[in-house]
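Structural characterization, general
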Amino acid sequence: MKKRCITLAAIILMLFSLVGCGGNSVNQAQQDDDPKIQIGFCFDNFVVERWKRDRDVFVSTAKDLDAEVNIQNANGDVQKQIEHIQYFIDQNVDVIVIVPIEAESLKDIVRKAKDKGIKIIAYDRPIMNADVDLYISFDNEMVGTLMGQEMAGSLQAGDKVLMVCGSHDDNNVLEVEAGFKMQMQLAEIEIADITYMTNWQSELVEGYLYEKRDLVNEVQGIMCGNDDLAREVIHYLSENRMAGDICVVGQDADLGGCQLIVSGLQNMTVFKPVEKLAKQAAECAVILAKEGKYECRDVFYDGKYNVPYVSLEPIAVTSENMDEIIIDSGFHLREDVYIDTVTAEE
């Protein structure tokens, strides 16, 4: 009888032990199966060099924060971007980050996403009248101000300039334009003409300059919406033996733009540290997914709502500070920036 009791006790003890182990296994499985934060990222396109850098830094940062990112590229097609956002809504992601093609076209689909509890971040460009959860970008009016200050420092009162801007549907273009125009007004420099490149298509630049060739011959400066447009402007000027004689400014610090600056054909670019922007945006996305909001000290008026706004500061880059700002930061390699100079020396 005594042996039977001991055996029964041992069996009961073993069962309790198994139940305990089973409980730990279930808890561990539940922990392992906790879904990761899901982020959908809708890009305008990858024609502009910098967007691939934004993408890579964002994805890497999100991965370090245990979040997964699904990238979609609309190739400049607004309807396709709306379809991509709808796809993310159907997938019930936690956050959708959007580089909008047109500032005014996404408010309805954004509202649909927000109604399902999905957080929305407008990245680099605002989405107007949409009440997004966060807008993160650079100070775009300051970008135009820096361009204008460089132009004013190179020209004289009474000189003329052209403005070859990006897409008119891009709200940032209008902000850059405002900053640049203010500096031209202060310097008493005449803006002879303004044009806009649909969807930032640089291939449209040559046709415009050819059409306005008589006016091009009269101006002393050309403001370009980005370095891609500036490259096409300089190509036209080179073919007409005017490169280096006309002040050309751009933005984004593309490798090609930096090369043209050190070769003396482009006067300046505006450096926007996109790694910092993309990293912070990924961090904000994870916070929004976890906490439902992101506290900001600034707001941006989107035409109807005041939305939380994170603004980063741009930096003017010329041949004088190229090494300090671009090379030393690791944004571009020295041998790549100075490749034309090295080749000439060899």
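Keep in mind that what you see is a predicted model, and the values were worked out from it rather than measured.

**What about the overall build of the chain?**
- Each helix and strand in the chain was counted, giving 14 helices and 13 strands.
- In the chain, 71% of the contacts between residues at least 6 apart in sequence involve partners at least 24 apart.

**Focus on the sheet that holds strand β11 (residues 298-301)**
- Reading across the sheet, the 7 strands line up as β2-β1-β3-β4-β5-β12-β11 and stay open at both edges, with mixed pairing between neighbours. Because the sheet does not close on itself, it has two edges, and the strands there are β2 (67-73) and β11. The average angle at which neighbouring strand axes cross in this sheet is 30°, direction not considered.
- The strands touched by helix α11 (residues 274-291) are β1 (37-43), β2, β3 (95-98), β4 (119-123), β5 (134-138) and β12 (306-312); relative to β4, the strand with the most contacts, the crossing angle is about 170°.

**Describing the pattern of salt bridges**
- On inspection of all chains with the given rule, the structure shows 18 salt bridges.
- The residue Lys 36 makes a salt bridge to Asp 66 at a minimum N-O spacing of 3.5 Å. Taken together, the residues span a long stretch of sequence, with Lys 36 in the loop between α1 (2-32) and β1 and Asp 66 in the loop between α2 (50-64) and β2 at a distance of 30 residues.
- When salt bridges with common partners are traced through the structure, they connect Asp 44, Arg 125 and Asp 170 into a single cluster.

**Some thoughts on the pairing of β3**
- Burial along β3 is two-sided: Val 95 and Val 97 facing one way and Ile 96 and Ile 98 facing the other are all buried.
- When β1 meets β3, the two strands line up parallel, connected through 4 bridges. In the strand pairing of β3, Ile 39 is matched with Val 95.
- Of the pairings in the sheet, the one linking β3 to β4 comprises 4 bridges and is parallel in character. What sits directly across from Val 97, in β4, is Ile 121.
- Read from β3 through helix α4 (residues 107-115) to β4, the crossover connection turns out right-handed.

**Some thoughts on unusual backbone geometry**
- Phi at Asp 66 takes a positive value of approximately 65°, unusual for a residue other than glycine.
- Residue classification places Asp 66 among the partly exposed residues on the basis of a relative accessible area of 45%.
- The phi torsion at Arg 241 lies on the positive side, around 55°, for a residue other than glycine.
- Summarising the element assignment, Arg 241 is placed in the loop between α9 (227-239) and β9 (247-249).

**Overview of the sheet that holds β9**
- Taken in spatial order, the 4 strands of this open sheet run β7-β6-β8-β9, and their pairing is parallel. The open sheet has two edge strands, β7 (190-196) and β9, and neither has a second partner. In this sheet, adjacent strand axes meet at a mean angle of 15° when their direction is disregarded.

**Here we look at the packing of aromatic side chains**
- Counting across every chain of the model gives 10 aromatic pairs.
- A ring pair is formed by Phe 271 and Phe 331, whose centres lie 4.8 Å apart and whose planes are at 65°; its orientation type is edge-to-face. With Phe 271 in strand β10 (residues 269-271) and Phe 331 in the loop between α12 (322-327) and α13 (334-337), this pair connects stretches of sequence that are 60 residues apart.
- Looking at Phe 271, the relative accessible area reads 6%, which means it is buried.
- These aromatic residues form a ring-pair network of at least three members: Phe 41, Phe 43, Phe 46, Trp 51, Phe 58 and Tyr 123.

**Quick look at helix α3 (residues 78-90)**
- Taking 1.5 Å as the rise per residue, α3 with 13 residues should run 18 Å; its terminal C-alpha atoms sit 19 Å apart, in good agreement.
- Buried residues of α3: Val 78, Gln 81, His 84, Ile 85, Gln 86, Phe 88 and Ile 89, and no others.
- Structurally, the start of α3 carries an N-cap: the backbone nitrogen of Gln 79 is 3.0 Å from a side-chain oxygen of Asp 77.
- Of the residues flanking the end of α3, it is Asn 92, one or two places downstream, whose phi is positive at about 55°.

**Observations concerning the confidence of the model for the chain**
- Of the residues in the chain, 88% have a pLDDT of 70 or more, and the chain-wide mean is 89.
- Low pLDDT (under 50) marks residues 1-32, which in the prediction has 0 contacts with non-local residues, meaning those over four places away or in another chain.

**Section: the pairing of β5**
- Burial of β5 is extensive: 5 of the 5 residues sit out of reach of the surface.
- Side-chain alternation along β5 places Leu 134, Ile 136 and Phe 138 on one buried face and Tyr 135 and Ser 137 on a second face that is also buried.
- Both β4 and β5 contribute to a ladder of 3 bridges, which runs parallel. The partner of Tyr 123 across the bridge, within β5, is Ile 136.
- Bridge count for β5 against β12 is 4 bridges, and the pairing is parallel. Bridge pairing links Ile 136 to Val 310 in β12.

**A closer look at the packing of helix α5 (residues 140-154) against helix α6 (residues 171-187)**
- Packing of α5 against α6 leaves a shortest axis separation of 7 Å and a crossing angle of 35°. Of the two possible hands of crossing, α5 and α6 adopt the one that is right-handed. When α5 is examined against α6, the residues Asn 140, Glu 141, Val 143, Gly 144, Thr 145, Met 147, Gly 148, Gln 149, Met 151 and Ala 152 are found in contact with a partner set consisting of Asn 172, Glu 175, Val 176, Gly 179, Phe 180, Gln 183, Met 184 and Ala 187.
- Taken together, the residues of the contact of α5 with α6 sort by class into 8 nonpolar, 8 polar and 2 charged.

Calculation rules
Residues numbered from 1 in each chain as written. Predicted model: local features only at pLDDT ≥ 70, side-chain atom pairs only at ≥ 80, totals over all residues. Heavy atoms only, no water. Helix = DSSP H or I, 4+ residues; strand = E, 2+ residues; numbered from the N terminus. Contact = heavy atoms within 4.5 Å. Pairing = 2+ DSSP bridges. Axes fitted to C-alpha atoms, helices over the stretch in contact; angles between N-to-C directions. Salt bridge = Lys/Arg side-chain N within 4 Å of Asp/Glu carboxyl O. Buried < 20%, exposed > 50% of the residue type's maximum accessible area, 1.4 Å probe, protein only. Right-handed = clockwise from strand over helix to strand, strands pointing away. Phe/Tyr/Trp six-rings, centres within 6.5 Å; stacked < 30°, edge-to-face > 60°. Expected span 1.5 Å × (residues − 1). Polar contact = N/O pair within 3.5 Å; in protein donor to acceptor, adjacent residues only side chain to side chain. pLDDT = per-residue confidence, 0-100. Left-handed = near helix turned anticlockwise from the far one by under 90°. Nonpolar A, V, L, I, M, F, W, Y, C, P; charged D, E, K, R; others polar.

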